[in-house]
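Examining the three-dimensional arrangement
So the chains spell out like this:
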Amino acid sequence: MFCLLLYLESVNAADSKSTAKAQGSAQVRHVIRRQFTCRFFMSSCAYHFKQLVPQKCPFGTPPHIVEPQCPGVVERYIDLSQYYDCAGLQPLKRDILAATAEYQGHYKRVYRCLGAAGELRRDMNELIDTRPVQKRLGKRAAGIISRELKGPAQGEGRTEQRFLSAVTHKGVFTLWDTVSAQADRVYELAGDYGLAHHMLTPILTAALAAGHNAVACPDPMAPDRLAHLIFPGLSLAFVTSTQEDPWPHRAYRRLRLDAMADAEAYRANRPRLRFAKRVASALLDEGVAGLVQAKEAHDRLEKLYNPYVDFGGVARMADQVADQILALRDE
């Protein structure tokens, strides 16, 4: 069982014009169809009728999947298993179990490799991230705040949390075009030791206090730390740029954060830093290779299932749910 929480901010924000309303409706239908289609391996799902999104919904962090608390009153179960041809699948049971075990085994290895790489990166950060470094970064952040966030407060701003970067079967991938589409001025925070977090945190705090809405993007290898910030209303963004995933355009300002590191601490720990960086990179590459293998195994699993799934029925069910949700919007 899982609970499908649909994010409908774009629908709620749509004005009363018919064009905007139609665009919002189309987006809801597209999202629901996609969610249902992606989850045909699950036996059933449930969605919230009234409170579609919790007040503090932690997008990009667990849990995405929750058990319904009041089924039939607030949530409703949807049985997707009815769209399987169970009789047709039975002869494929051995192949399905083998493919499932294979891709799950690959994922275990991926988690180990990426987890180890993340720990080594945290170790590098702790060697460089001294109190004097934090003060220097805070001072630089204060200058940016005074320059970019002028004017009296306009109420309290709102934060949306989104992952802009991810480790995928194609390597480390960042949606840089998303930044370019929302910001004309981009500060490039160049560095490989995770120091950007200490600049981004005070900037985010000051921006929210001044009434600016923000998109806060965690580091996928360390979700408790910020990697990027976007302020669409200011056409302003701050991005972490590394050797493995550099900002591909000309920046409005480029700050070399590694140059702010404690020189003495760097010299004293240079061999350890080089070793940790090299091994972390190798572990990341191994994790990506594991994701490639996991995807291949999962693709084989989907090929086994697809001929025995009634996707037309799934789409019709998704449209019914979309109609019910859109009716709630008009209440």
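What you are looking at is a predicted structure, and each value in this text was computed from that prediction instead of being measured.

An α-helical segment advances 3.6 residues per turn. Residues three or four places apart therefore align on the same side. End to end, helix H7 (residues 197-209) covers 18 Å across 13 residues, agreeing with the expected 18 Å (1.5 Å per residue, within 8%). Inspection of H7 places His197, Met199, Leu200, Ile203, Leu204, Ala207 and Leu208 among the buried residues, and these make up the whole buried set. Around the axis of H7, the buried residues are gathered within 150 degrees of arc, so they sit on the same side. More than 90 degrees from the buried face of H7, the exposed residues found are Thr205 and Ala209. Remark: Gly211 follows H7 within two positions and exhibits a positive phi of approximately 90 degrees.

Ranked by size, the top nonpolar core spans 34 residues in total, and within it Leu189, Leu229, Phe231, Phe238 and Leu257 carry the most contacts. Of all the elements in the fold, those that place two or more residues in this core are helix H4 (93-128), helix H5 (131-148), strand S7 (185-190), H7, strand S8 (214-219), strand S9 (222-231), strand S10 (236-241) and helix H9 (270-305). Top contributing element to this core by residue count: H7, with six residues. Ignoring anything within four residues of it in the chain, the contact list for Leu257 reads Leu137, Leu189, Ala190, Leu195, Ala196 and Met199. If you look at the next biggest cluster of nonpolar residues, it comprises twelve residues, including Val28, Ile78, Leu80 and Ala318.

With that settled, consider the confidence of the model for the chain. Put simply, the chain has an average pLDDT of 82, and 81% of its residues get 70 or more. Under a pLDDT of 50 for its full length, residues 1-17 has, in the predicted model, 48 contacts with residues more than four places off or in other chains. The model gives residues 42-64 a pLDDT under 50, and that stretch makes 63 contacts with residues more than four places away or in other chains.

Residue placement: Phe311 occurs in helix H10 (residues 311-329). By relative accessible area, Phe311 is classed as partly exposed at 29%. In this structure, the C-alpha to C-alpha distance between Phe311 and Tyr83, residues 228 residues apart in sequence, is 7.4 Å.

Side chains of Arg140, Arg147, Lys150 and Arg253 sit close together on the surface and give a patch of like positive charge. With respect to the secondary-structure elements, Arg253 resides in strand S11 (residues 253-256). A relative accessible area of 37% places Arg253 in the partly exposed class.

So, on to the pattern of salt bridges. Applying the stated criterion across every chain, the model contains twelve salt bridges. Glu286 serves as the salt-bridge partner of Arg109, at 2.7 Å between the closest nitrogen and oxygen. You can see Arg109 sitting in helix H4 and its partner Glu286 sitting in helix H9, a full 177 residues away along the chain. Relative accessible area serves as the criterion here: at 25%, Arg109 is assigned to the partly exposed category. Among the residues examined, Glu286 registers a relative accessible area of 35% and is labelled partly exposed. Across the pair Lys277 and Asp192 runs a salt bridge whose closest N-O atoms are separated by 3.2 Å. Taken together, the residues Lys277 in helix H9 and Asp192 in the loop between S7 and H7 connect sequence positions 85 residues apart. One connected set of salt bridges, linked through shared partners, spans Arg158, Glu160 and Arg162.

Parameters at a glance
- Within each chain, residue numbers correspond to sequence positions counted from 1 in written order.
- Restriction of local features to residues with pLDDT of at least 70 applies here, the model being predicted, together with a cutoff of 80 or more for giving and counting side-chain atom pairs; totals for whole chains, interfaces and linings are based on all residues.
- Excluding hydrogens and water, the side-chain values take into account all heavy atoms of the structure.
- Strands are runs of DSSP state E lasting at least two residues, helices are runs of H or I lasting at least four, and both sets are numbered from the N terminus onward.
- By definition here, a helix of n residues has an expected span of 1.5 Å times n minus one.
- With a 1.4 Å probe rolled over the protein chains alone, any residue whose accessible area is under 20% of its type maximum counts as buried; one over 50% counts as exposed, and the rest are partly exposed.
- What the arc measures is the spread of directions leading from the helix axis to the C-beta atoms.
- The criterion is simple. A nonpolar core is a set of buried Ala, Val, Leu, Ile, Met, Phe, Trp, Tyr and Cys residues joined through side-chain atoms within 4.5 Å.
- Contacts are assigned to residue pairs with any non-hydrogen atoms lying within 4.5 Å of each other.
- You can read pLDDT as the predictor saying how much it trusts each residue, on a scale of 0 to 100.
- Exposure above 30% relative accessible area and the absence of a salt bridge qualify a residue for a patch, where like charges join within 9 Å and nonpolar side chains (Val, Leu, Ile, Met, Phe, Trp, Tyr) within 5 Å.
- Accessibility throughout is a Shrake-Rupley quantity obtained with a 1.4 Å probe, and a residue counts as covered only by protein chains that appear here.
- Between Lys or Arg on one side and Asp or Glu on the other, a salt bridge is scored when a side-chain nitrogen of the former is within 4 Å of a carboxyl oxygen of the latter.
- Note on charges: Lys and Arg go in the positive column, Asp and Glu in the negative column, and His and the chain ends are not counted at all.
- Here the site of a charge means atom NZ of a Lys, CZ of an Arg, CG of an Asp or CD of a Glu.

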